[in-house]
Every structure is written in structure tokens, then in C-alpha cells.
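# An overview of the molecular structure
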Amino acid sequence: MSIFLCLMFGLLISYSTACDRCVHQSKAAYFTSSSSLSTGACEYGSLALSFNGGHLAAGVPSLFRQGVGCGACFQIRCKNQKICSSGGTKVIITDLNHNNKTDFVLSNRAFRAMAVDGKSRDLLKLRVVDVEYKRIPCEYKSKNLSVKIEEKSLKPNYLAIKFLYQGGQTDIVAVDIAQVGSANWRYMSRNANGVVWETSRVPTGALQIRMLVTGGFDGKMIWAKNEVIPANWKVGEIYDSGVQISDVAQEGCSSSSTSVCEHEHWN
């Protein structure tokens, strides 16, 4: 039996204390150039600039979560009602924020999007603002979950992949691959930076993928049974998994004074 199945229960328990949909209070700043985020710790490269209309963010370690938080989506709004809109902005985590004075550093475009019409320059002048935020589902209606073959992959014995367009409010916490039609699954390990999944035991032929996906208290297996990675896979290519993830975490908030689970005003 694959170690993927053996570890499933333990992984779900380790993620069951999440407070994904709680509202948190903090501060946010911004980068003057979005290129800072495209070269960020999530290693999306220039692809990052195409995500979410350039509304990107670097998150503190508790949000980055050693790379697990890469690609997660958040709604952020500033609390200055004179210049800030009630809807705020929606961002995708593409980098690690090392500054513990703010939970987020946003792209310039995302920061300006928190302002009401005509007040974006006034908002930029503040540089750092009080915000409230919560994690929200990511939406990729026109894209399936995709797999990018990392540049360091080397046939036939080493394969490294990164997931793109992961919808819903979920975390991928385990990955298995097998030859299409085979039940001989081989697990992949998350590498040191947490973003890339890798294995030195690459099955031959076209590959199928299954993933353990968790979101708050919820957990399920996502199985892309058909060919995801072709037998003649190439470094740098992006392959469509044929599946979409839309699962959303359940509520799971603590009594912490910095987070609340009352969402009526976030509609």
C-alpha cells in the first residue's frame, strides 16, 4: 500500500486546527514593483504576473506556511473608511514576507484596489495601512489544475513538479504518481521550500496523479485518472490535469482576539 494512504489520516488531523475563513486584523504595505513578487519564494517566475490580474501578495510565515500557502487566495480590505472600499482587494500568495510588522506586502495594483474611486493615490501615500483579511476560495473557471515540469527535472530518474491554478480553498498535502492504468503508486515528497513535489522513482510511460487535498476540517482524494504527464514529458511544459478543485474549508476558528468568524459584513 502506498505511503500516501498510510499517512492520510495523520495529515488530515495535522490540518484540522486551521482557521481558514476567520477574519484577522493586521497591517499591509506594498511593493513599488510587481517584479518583486514574480521572483518570489513561490518560484512562479514570470507566470505570477499573469495570475489574478497582477493582484499578488507576499505573506508572513504563518500564511506562507513553508510553501504550502503558495497560491492561496485572500480578501483584504483597509479599515480607513474615508478612502477604502468595503470590498477591498483579492490577492494570491506568491512570495514570503519577512517583515513581521505587516502580514502582507501587496503588489502596487492590489494595494490601490483597496481604495474607493479617486482615492488610490491617497492610499499609496500612507504606505502602510490597518487591514482585516480572510482566506477565500480561488476561482479558475476557465482553467483546470495544471502541472508544471520544473527545470531541474531530469529523465528518466528525477521528476519535480509544481501545481498551478489550484481552485477552491484547499491545500495539497500529499501526492502520488503512477503509470496510467497501473495500481503501483509512488509517492512524491515536498521539497525543502515547500512549493515543489519531487521523486527519484519515476514510473515509466504516461503518468496519472492523485492528491490528498485538505481544507480546514475537510479532506478528500482528488484523482486525475487519465494521462496528466505524457511519457515524453518536457522540462518547462505545463500539463492540464483535467480536474478542477472547488472544495471549501469549513469554519474552524479559535477564541483568539485577533480573529473572528462573523462574515455577514463580508458579503
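The structure displayed is predicted, hence computed values, not measured ones.

Note on placement: Gly67 falls in the loop between α3 (61–64) and β3 (73–78). Looking at Gly67, the relative accessible area reads 4%, which means it is buried. Along the backbone, Gly67 and Cys42 are 25 residues apart, and their C-alpha atoms lie at a distance of 6.6 Å. For Gly67, the contacting residues outside a window of four places in its chain are Asn193, Gly194 and Val195.

This part is about the nonpolar core. Within soluble globular proteins, side chains that are nonpolar tend to cluster in buried spots. Residues Phe74, Ile76, Phe104, Leu106, Met114 and Leu123 are the most contacted members of the largest nonpolar core, which totals 45 residues. Sequence-distant contacts of Phe104, that is, excluding residues within four places in its chain, are made with Lys27, Ala28, Ala29, Ala57, Ala58, Gly59, Leu63, Phe74, Ile76, Ile93, Asn97 and Tyr133. Among the nonpolar cores identified, the runner-up in size contains 24 residues, and Ile149, Val175, Ile177 and Ile245 belong to it.

Here the structure, examined in full by the defined rule, presents three disulfides. Paired by a disulfide, Cys73 and Cys138 hold their sulfur atoms 2.0 Å apart. Looking down the S-S bond of the Cys73 and Cys138 bridge, the torsion is 115 degrees, so its handedness is right-handed. Placement of Cys73 in strand β3 and of Cys138 in the loop between β6 (129–136) and β7 (146–149) is noted, with a sequence separation of 65 residues between them. As far as the burial class goes, Cys73 and Cys138 line up, both buried.

This brings us to empty space enclosed by the protein. Going through the model one piece at a time under the given rule, you end up with one cavity of 30 Å³ or more. Of the voids in this model, the largest cavity is the one considered here, and its volume is about 290 Å³. In terms of lining residues, the largest cavity is bounded by 24 residues, among which Tyr44, Cys70, Gly71, Phe163 and Gln166 are the most central. Listed by contribution, the elements that provide at least two residues to the lining of the largest cavity are β8 (159–164) and β9 (171–179). Among the elements that take part in the lining of the largest cavity, β8 stands out by supplying three residues, more than any other. For the lining of the largest cavity, the residue count by class is 14 nonpolar, six polar and four charged.

Cut-offs applied
- Residues numbered from 1 in each chain as written.
- Predicted model: local features only at pLDDT ≥ 70, side-chain atom pairs only at ≥ 80, totals over all residues.
- Heavy atoms only, no water.
- Helix = DSSP H or I, 4+ residues; strand = E, 2+ residues; numbered from the N terminus.
- Buried < 20%, exposed > 50% of the residue type's maximum accessible area, 1.4 Å probe, protein only.
- Contact = heavy atoms within 4.5 Å.
- Core = buried A, V, L, I, M, F, W, Y, C linked by side-chain atoms within 4.5 Å.
- Disulfide = S-S within 2.5 Å.
- 1 Å grid on protein atoms, 1.4 Å probe; cavity = no way out; pocket = protein on both sides within 12 Å on 5 of 7 lines; lining within 4 Å.
- Points joined across faces, edges and corners; volume = space filled by probe spheres on them.
- Nonpolar A, V, L, I, M, F, W, Y, C, P; charged D, E, K, R; others polar.

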